Amino acid sequence: MLTAILLLSLDIGPLLQRGVVADERICDDTGVRTFYARRDFRPAWDEATIAALLRAIDGLRVEGLAPHRYHRDVIARLGGPERDVLATDAFMTAAVHLSQGAVDPQFARPSWCPPPPRLDLAAILQSALDDGTIEESLASLAPRHEGYVRLRKALAAYREVSWEVVPSGRSLRPGDDDPRVAVLRRRLNSPDSRTFFDAELDALVRHFQEHHGIEVDGVVGPETLRELNVPASERVRQIAANMERWRWMPEDLGPSYLIVNIAAFRLDAIEGDRSVLSMKTVVGKEYTRTPFFAARIAEVIVNPWWNVPDSIATKELWPKQRRDPSYFAREHMVVRDGRIRQRPGEWNALGRLKFNMPNRYNVYLHDTPAKQLFARSFRAFSHGCIRLERPMDLALYLLRDQPRWTQAAIESDIATSTERTIRLTSPQPVYVLYWTAWVGDDGHMEFHRDHYARDAALAAALSGSERAGRSGHEAPAARPAVPGA
């Protein structure tokens, strides 16, 4: 028996030392070695399980993952120990990609080979081989969140459609009679092909604008025309990229939580997969991008002082003070130990309410005196923190199990202009995300502008395109976000 094991180990063992088999990189050297060590280096796969694995790999397309990235063609044509090792690596890599994501959200590792798994993949694979459940085992590792399931269905649907390009030209608006209107009708699935822009078409255009983050005015101007003419193939890539972002999420988000969608300029309070509170947000500018991360809101600060970050003080405020020595006094700012602080009040850059959520980026949610910005469809104007359209509504939601804190009680505290910290008895999970495609509660697909230009790099990494750059990483922020208005 010992002799047989040693002979078999000569087949498998040497392959595990190379890191490359049949010119294919082994992504999880450690996991593959662990799997074969537990089997005394005996081969694991037979023709039936290989056939099941190939079907499972082909099925990854449904999840927005490219089958060719999992040694698919090489496994299909090879035999012997090389096929065995590649099959094992393919299963383990796919398992991690489905359960944790294929691309590192923080750009810290190569884009394709997985991070250290949270699961005992060797045990999962062995069980799947023993039970003949290769396909079922991999499928079970995909996210079960409703948002992911909706996108998976949308991905399949968008792969089956295409649409005409609406010709360029002057803006189209209600009352126009133009041959391009007939193409616009077909693009928006109108049942007729008339050339007159009537009220029915106006409603279709407004619906399209609402679901694409465009100012809802019923006019087919340059921005609306651009979004209408994004090819269906590009929407497929966009959906797949956002499915990957879902795979970065924890398996359990909690019974209730907040989602800040940076790309949509929106905050939602979620209970049971449905939004129970929604409001507009203002997020970081192109060069002070709001990062994506998870945290917990622990405190509501009434009448916050604004401790101005050094970067803002140096680049923006001190130059203003040097040009106008009355600037600090006029803006209710004081300097202590070389640091600038702004007093609480209606003028304060953080408004009247601030929501602390400890994180390594020092980003938080807050009120703002610049209410006029919420009327705009594009709202990337902050230094990285997240401004809220209706901060009082969020405060009342977060304090819903602390009955002392009614709106009247909070407003009474605001009237004092004195800073006060209210600690939440149950800190609220918050996920600051970057989703450019999702299916809304109304069942309609939503696509929003990729204003941080992250989709292309992520889609390239998922497909294996050389266009990904940085070994396929998503593009990081040009400089880190700083706490501020």
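Shown above is the structure to which this text applies.
What counts as what
Residues numbered from 1 in each chain as written. Predicted model: local features only at pLDDT ≥ 70, side-chain atom pairs only at ≥ 80, totals over all residues. Heavy atoms only, no water. Buried < 20%, exposed > 50% of the residue type's maximum accessible area, 1.4 Å probe, protein only. Helix = DSSP H or I, 4+ residues; strand = E, 2+ residues; numbered from the N terminus. Pairing = 2+ DSSP bridges. Phe/Tyr/Trp six-rings, centres within 6.5 Å; stacked < 30°, edge-to-face > 60°. Lys NZ or Arg CZ within 6 Å of the ring centre and 35° of its normal. Salt bridge = Lys/Arg side-chain N within 4 Å of Asp/Glu carboxyl O. Contact = heavy atoms within 4.5 Å. Axes fitted to C-alpha atoms, helices over the stretch in contact; angles between N-to-C directions. Arc of directions from axis to C-beta. Parallel < 35°, antiparallel > 145°, perpendicular 65-115°, else oblique. Left-handed = near helix turned anticlockwise from the far one by under 90°. Nonpolar A, V, L, I, M, F, W, Y, C, P; charged D, E, K, R; others polar. Core = buried A, V, L, I, M, F, W, Y, C linked by side-chain atoms within 4.5 Å.

(A) Molecular detail of the pairing of strand β3 (residues 256–261). Counting buried residues along β3, 6 of its 6 residues qualify, which places the element largely inside the surrounding structure. What you see with β3 is no split at all: Ser 256, Leu 258 and Val 260 on one side and Tyr 257, Ile 259 and Asn 261 on the other are buried throughout. Here β3 runs beside strand β4 (residues 266–271); their pairing, made up of 6 bridges, is antiparallel. Looking across to β4, one finds that Leu 258 is bridged to Ala 269.

(B) Seen up close, the packing of aromatic side chains. Tallied over the full model, the rule gives 12 aromatic pairs. Arranged with centres 5.1 Å apart and planes meeting at 75°, the rings of Phe 35 and Tyr 36 form a pair that is edge-to-face. Residue classification places Tyr 36 among the buried positions, given a relative accessible area of 0%. For the pair Phe 265 and Phe 378, a centre-to-centre distance of 5.5 Å together with 80° between the ring planes defines the contact as edge-to-face. Taken together, the residues span a long stretch of sequence, with Phe 265 in the loop between β3 and β4 and Phe 378 in the loop between β11 (365–366) and β12 (380–382) at a distance of 113 residues. A relative accessible area of 30% means that Phe 378 is categorised as partly exposed. An aromatic cluster is defined as three or more aromatic residues linked by ring pairs; in this entry it consists of Tyr 158, Trp 163 and Phe 447. One residue, Arg 187, lies across the ring of Trp 163, its end atom 4.0 Å from the ring centre.

(C) A look at the pattern of salt bridges. Across all of its chains, the model carries 30 salt bridges by this definition. Salt-bridge contacts for Asp 441 lead to Arg 150; the nearest nitrogen and oxygen are separated by 3.3 Å. A residue pair is termed long-range when its members are at least 10 positions apart, and Asp 441 in the loop between β15 (437–439) and β16 (445–447) and Arg 150 in helix α8 (residues 146–158) qualify at 291 residues. Because the salt bridges share partners, they merge into one network encompassing Arg 185, Asp 192, Arg 194, Asp 198 and Glu 200.

(D) Summary view of the sheet that holds strand β9 (residues 339–342). One open sheet holds the 3 strands; their spatial order is β7-β9-β8, and the pairing between them is antiparallel. Two strands bound the open sheet, and with one partner strand each, they are β7 (306–307) and β8 (333–336). Two elements, β8 and β9, share 4 bridges in a ladder whose sense is antiparallel. The residue bridging Val 334 from the neighbouring strand is Arg 341, located in β9. Packing of helix α13 (residues 310–323) onto the sheet brings it into contact with β7, β8 and β9, and relative to β9 it is tilted by some 80°.

(E) Looking closely at helix α2 (residues 29–38). Every buried residue of α2 is listed here: Gly 31, Val 32, Phe 35 and Tyr 36. An end-on view of α2 places all buried positions within 125° of arc, on one side of the element. Those residues of α2 that are exposed and aimed more than 90 degrees away from the buried face are Thr 30 and Arg 38. Looking at the residues trailing α2, positive phi occurs at Asp 40, about 55°.

(F) Highlighting unusual backbone geometry. In the Ramachandran plot, His 332 falls in the positive-phi region, its phi being about 60° despite a non-glycine side chain. Here His 332 shows up in the loop between α14 (327–330) and β8. Accessibility expressed as a relative area gives 27% for His 332, which makes it partly exposed.

(G) Looking closely at the packing of helix α9 (residues 179–187) against helix α10 (residues 199–210). Two elements in contact, α9 and α10, have axes separated by 11 Å at closest approach and are oriented at 55°. The pairing of α9 with α10 is recorded here as oblique in orientation. Handedness of the crossing formed by α9 with α10: left-handed. Taken together, the residues of α10 that come into contact with α9 (itself represented by Val 181, Leu 184, Arg 185 and Arg 187) are Glu 200, Leu 201, Val 205 and Phe 208. Class assignment of the residues belonging to the contact of α9 with α10 gives a composition of 5 nonpolar, no polar and 3 charged.

(H) The nonpolar core, seen in detail. In this structure, Trp 45, Ile 134, Phe 355, Met 357, Leu 365 and Leu 394 are the most contacted members of the largest nonpolar core, which totals 124 residues. For this core, the leading source of residues is helix α5 (residues 80–100), giving 10 residues. Val 183, Leu 184, Phe 197 and Val 220 belong to the second-largest nonpolar core, a separate cluster that totals 14 residues.

(I) The arrangement of the packing of α8 against helix α12 (residues 232–247) in detail. Here α8 crosses α12 at 160°, and the two axes come no closer than 9 Å. With respect to their mutual orientation, α8 and α12 come out roughly antiparallel. The way α8 lies across α12 gives a crossing that is left-handed. Contacts from Gly 147, Tyr 148, Leu 151, Arg 152, Ala 154, Leu 155 and Tyr 158 of α8 reach α12 at Ala 232, Arg 235, Val 236, Ile 239, Ala 240, Asn 242, Met 243, Trp 246 and Arg 247. Its residues assigned to classes, the contact of α8 with α12 shows 11 nonpolar, 2 polar and 3 charged.

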